[in-house]
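Spelled out from the first residue to the last, the chains are:
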Amino acid sequence: MRKKGLIFLIIVAALVIALNVFVTDRWIERRVERLASKSNGAKVELYRFNFSLFDLSLSWEGLQVTDPDDTWTNLFETGRCSFDLALEPLMQRKVVVEEFELQGLRMGTARETDGALAGKSKKKTVGQSKIVQSIEQNVKTEIESYPLLNLGLLEGTVDLDEIWEEAALQSPGKIGALKEQYGVRYDEWQKRVGELPGEVEAEALERDLEAIQIQQIETPLQAKEAYDKLRLIEEKNSDYLESVTQMRDELESEATDIAGLKDKIDSWVDEDYRRVLAMAGLPEFSRETVSAMIFGRPVAEKMEKVLRILGRVRNYSQKVGKYIPAKEFPPRGVGQDIRFTRKQDYPAFWIQRLMLSGETAQGIGIGGTVLHLVSDQRKIDRPTTMQLAGSRADGAGLDFAAVVDSRDDEPREQLELSLKGIPLEGRSITDFPFLAYPLSAGVGTVTGKVDFKGSRFLAEIGFSGRDVGFDTQGKPEALDDDLYELSLAMVRKIDEIDLVAAVRQSGDDFKLDMRSNLDDIVLGVLKQVVSDEVQAVQNELMERIEDEIGADRDEVESLVEEGEGSLREAVEDAKGLFISQQERIAQKRAAIDERVKAEEQRVKKQAEEELQKKQDAVKDKGKEALDSLF
Amino acid sequence: MIFLKLLAKLLKVLTSGEHARQIAGGFMLGMMIGLLTMKTLFAVPIVLVLILINVNLAAAVVGIFLFKLIAFLLDPLLNALGYWILVDITGLKGFWTEIASMPIVPFTRFNNTLVMGGLIVALVLAIPLFWGVKRLVIGYREKVQEKVKNWKIIKILKGTALFRFLSGVEKLGGR
């Protein structure tokens, strides 16, 4: 044992203890900040972090979590917090907190400095789940297809040529591509049909069949040989017939596919038509389109925000749910961590009960509880739940409940939100030109419900406004005097607003529905004023579209008809050849049967005669013997 | 330059008056530290042993330096070996799960592919390396040492600051 080594170790231990007392807190603070920032995608900052090794307690005086989508705003910040870590799990490198109290929570506060992360780290944030991305994309596409009302239509100043110039139809390109695609398919089919057995094979079979000389069959061995040859010919013919029949069936199913081309072209033309109408602000006035015009965009924006949060939750829960890690190629000197934990073990991170109180960005004082904030729910077999409630001095109140359950292979997130008694004065409810006035009075209620299980998504948003009044003092710039009058007539009829919007996605099926009590009011006025004009413009646009794609459509249809006809004919001819060959084989078999039967009878008769002769000879010899004895 | 430093260290170790087994022991422990990343708890007992028992520290420094370089070069292979042991050998999953639930053990980061790969290679090499280095030192002292002393480069190296530093390290060993 080295004495110097021992002394060295004692010095090192003393240094470690000293560093623990003076430096550890700052070191841990930086490390926590760095890790949390990386996972948030924007800065997370702690103030006056304190960690006590002796009683395993943690505390901080302040915490700021930057909104990754707006790095000059905090998602939330907190005041002083303190909590104790459980010792036993900590020995297993697990962080378990029984009770965590978060006071002075404030949401959406402005930051004094930019909370963006520098360069590389930002890319390592928790991304979106693919399903959520698809829902988001569907909502976006749906909203983009919503028409904006062309006010020129109401003012009688619609320029059809201008609209047509900007139309950029997509069907001609698609039909052209379809034509090429069909050409390639037709060539392939022609090649396949050309490779089918045909006249050459049928003639070869015919020769083989004629080679069987029935008249030469005299012995059972020769009969057997004839039958064997016939069987081989029959098998070959069956094979040929089967491949031709199979080809015919495939061609039938291809024909059904090709028949769908016409419908496809029709749907492309329809899409173009609707797109041109939407682009030109010439919607077909129905309750759906009017509702979409009034509330489509605001609803979509809200939905996008909810989906962004859900996407992160889902992506995270899917990541931690994976047990067997895929092989990674980490940078040198880093390695890959493999998780080994038993079901009943502590999860890596678990706050059993989080009590929070604070204020939302809208100034509503909130308080509530989050239960089981955990890195892996399967280990504790409980979902994460959240209950929040709050109110504001003006009577506005909030209730929020959430359940995030990722214990099964099919994760589920459920959210319910209710905002009541919101004063509507000074707010706008839509950017629709006829109703784009600030509200002068009214009280509103917003409800939201989301149920997202596996890939099935259902969200319902409701808004109701009571005793609503519009501040119509300022005339919107977009409206001329006549339209302003028209819009005043509309808003005078409105003292209540009821809106229900629902988004559903199941697999590839997506649907966004919207209904409001304003639909009929707006629709009535619009129909009354612009219906005939819109109809005329719509008809004209449809005619132009038909003129543009008519020739291409006819060409595709005639190509399909001719191509299909010639293929069918070739296959049917081949089939006919082998069916007639089949008949010939049957005839040959019957002839052989007959010959064999005749030969059998001949041989039988011959045998009987021989036998008779031998019997007679025996009789004669017997008689002669008896005569000689007696 | 790196090559010269390594050569100087190596010669200093070989010409020191220590027992061959002390040099081999130091080199072996250095190899273990070199192959294992310092972020694992496995490294702590090895460093303690290195400090507390009479092994040659200069040999350990050479071992650390050499095997850090080897570990860097063989990183993908060590990673693949660690992954194979931790994931592909499914029969061991229960064992890993069991020890992952024990106190302190998770701090060894045994579940890291690089740590596990390095640990296995270090354990496999330990005995053969100890024995091999011991034989090598004895052989060197008996047959080569006198010839090497007369090399020009050796005379130059003996005058360098590094050589003097390594002499200091040797004295820290308590001999």
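Residues numbered from 1 in each chain as written. Chains lettered and ligands numbered in written order. Predicted model: local features only at pLDDT ≥ 70, side-chain atom pairs only at ≥ 80, totals over all residues.

### A closer look at the overall build of chain B
Put simply, the rule is: Secondary structure elements are defined from DSSP: runs of H or I of at least 4 residues count as helices, runs of E of at least 2 residues count as strands, and each element is numbered from the N terminus. Whether a residue is buried, exposed or partly exposed follows from its count of other C-beta atoms within 10 Å of its own C-beta, namely 20 or more, 12 or fewer, or something in between, respectively; the C-beta atoms are built from the backbone. We call two residues in contact if the C-beta atoms placed from their backbones are at most 7 Å apart.
Counting its secondary structure elements, chain B contains 9 helices and 0 strands. Reading the helices (α) and strands (β) of chain B from amino to carboxyl end gives α-α-α-α-α-α-α-α-α. For chain B, the residues scored as buried account for 35% of the 175 residues in total. Considering only contacts within chain B whose residues lie at least 6 apart along the sequence, 86% involve residues at least 24 apart.

### Details of the pairing of strand S11 (residues 397–405) of chain A
Residues and elements named next belong to chain A. Defined as follows: When DSSP locates at least two bridges between a pair of strands, those strands are taken to pair.
Bridge analysis of strand S10 (residues 384–391) against S11 gives 8 bridges, and the strand direction is antiparallel. Bridge pairing in S11 links Met386 to Ala402. Bridge count between S11 and strand S12 (residues 412–423): 9 bridges; the pairing is antiparallel. Residue Ala401 lies in a different strand from S12, and its bridge partner there is Glu416. Two successive antiparallel strands, S11 and S12, enclose a turn made up of 6 residues.

### Brief notes about helix H7 (residues 171–194) of chain A
Spelled out, the test is: Any helix carries an expected span of 1.5 Å times its number of residues minus one.
The end-to-end C-alpha distance of H7 of chain A, which contains 24 residues, comes to 33 Å, matching closely the 34 Å that a straight helix rising 1.5 Å per residue would cover. Buried residues of H7 of chain A: Ser171, Ile175, Leu178, Trp189 and Val193 of chain A, and no others.

### Focus on the packing of helix H2 (residues 20–35) of chain B against helix H3 (residues 43–52) of chain B
Residues and elements named next belong to chain B. In plain terms, the rule: Axes here refer to lines fitted to C-alpha atoms; in helices the fit is confined to the stretch in contact. Angles between the N-to-C directions go from 0 to 180 degrees. Under this scheme an angle from 65 to 115 degrees is roughly perpendicular, one under 35 degrees roughly parallel, and one over 145 degrees roughly antiparallel; angles in between are oblique. Crossing handedness: left-handed means the near helix sits turned counterclockwise from the far one by under a right angle, and right-handed means the same turn made clockwise.
It is the contact of H2 with H3, at a shortest axis distance of 10 Å, that shows an interaxial angle of 155 degrees. Between H2 and H3, the angle falls in the class roughly antiparallel. With respect to the hand of their crossing, H2 and H3 are arranged in left-handed fashion. On H3, the residues that touch Leu29, Met32 and Ile33 of H2 are Ala43, Ile46, Val47, Val49 and Leu50.

### Observations regarding the interface of chain B and chain A
The cut-off we apply is this: Throughout this entry, Asp, Glu, Lys and Arg are counted as charged residues, while Ala, Val, Leu, Ile, Met, Phe, Trp, Tyr, Cys and Pro are counted as nonpolar. The remaining residues, Gly among them, count as polar.
Taken together, the contact between chain B and chain A spans 27 residues of the former and 26 residues of the latter. If you tally residues by element for the side of chain B that touches chain A, the top one is helix H5 (residues 75–88) of chain B, at 6 residues. Along the lines of polarity and charge, the residues of the side of chain B that touches chain A split into 16 nonpolar, 10 polar and 1 charged.

### Things to note about the nonpolar core
Which entries qualify depends on this criterion: Linking buried Ala, Val, Leu, Ile, Met, Phe, Trp, Tyr and Cys residues through C-beta atoms within 7 Å yields a set, and such a set is a nonpolar core.
The biggest cluster of nonpolar side chains holds 48 residues, and the ones touching the most others in it are Ile294, Val299, Met303 and Val522 of chain A. In contact with Met303 of chain A, not counting residues within four places along its chain, are Val139, Ala459 and Val503 of chain A.

### A short note on the pairing of strand S3 (residues 57–60) of chain A
All names here are of chain A. Of the pairings in the sheet, the one linking strand S2 (residues 50–52) to S3 comprises 3 bridges and is antiparallel in character. Within S3, the position partnered with Ser52 by the bridge is Ser57. In this structure, the hairpin formed by S2 and S3 is closed by a connection of 4 residues, where Leu56 is found at a positive phi of approximately 50 degrees. Both S3 and strand S6 (residues 81–84) contribute to a ladder of 4 bridges, which runs antiparallel. Each bridged residue has a counterpart across the sheet, and for Trp60 the counterpart in S6 is Cys81.

### Quick notes on the environment of Lys475 of chain A
Residue and element names in this part refer to chain A. With respect to the helices and strands, the residue Lys475 is situated in the loop between strand S14 (456–470) and helix H12 (481–492). For Lys475, a count of 15 C-beta atoms within 10 Å puts it in the partly exposed group. Distance in space between the C-alpha atoms of Lys475 and Ser487 is 9.8 Å, their sequence separation being 12 residues.

### A few points about the confidence of the model for chain B
Residue and element names in this part refer to chain B. How we decide: For every residue, the pLDDT score states the predictor's confidence, bounded by 0 at the bottom and 100 at the top.
Confidence along chain B averages 81 in pLDDT terms, with 77% of residues attaining 70 or more. Across chain B, element-level confidence peaks in H5 with a mean pLDDT of 91 and bottoms out in helix H9 (residues 161–172) with 57. Interface confidence for the predicted complex, given as ipTM, is 0.73, next to a pTM of 0.55.

### Some details on the packing of H5 of chain B against helix H7 (residues 113–149) of chain B
Residue and element names in this part refer to chain B. At a minimum axis separation of 7 Å, H5 and H7 run at an interaxial angle of 95 degrees. By the criterion of interaxial angle, the relationship of H5 to H7 is roughly perpendicular. Between H5 and H7, the contacting residues are Leu78, Asn79, Leu81, Gly82, Tyr83, Ile85 and Leu86 on the first element and Thr113, Leu114, Val115, Met116, Gly117, Gly118, Ile120 and Val121 on the second. For the contact of H5 with H7, the per-class residue count stands at 10 nonpolar, 5 polar and no charged.

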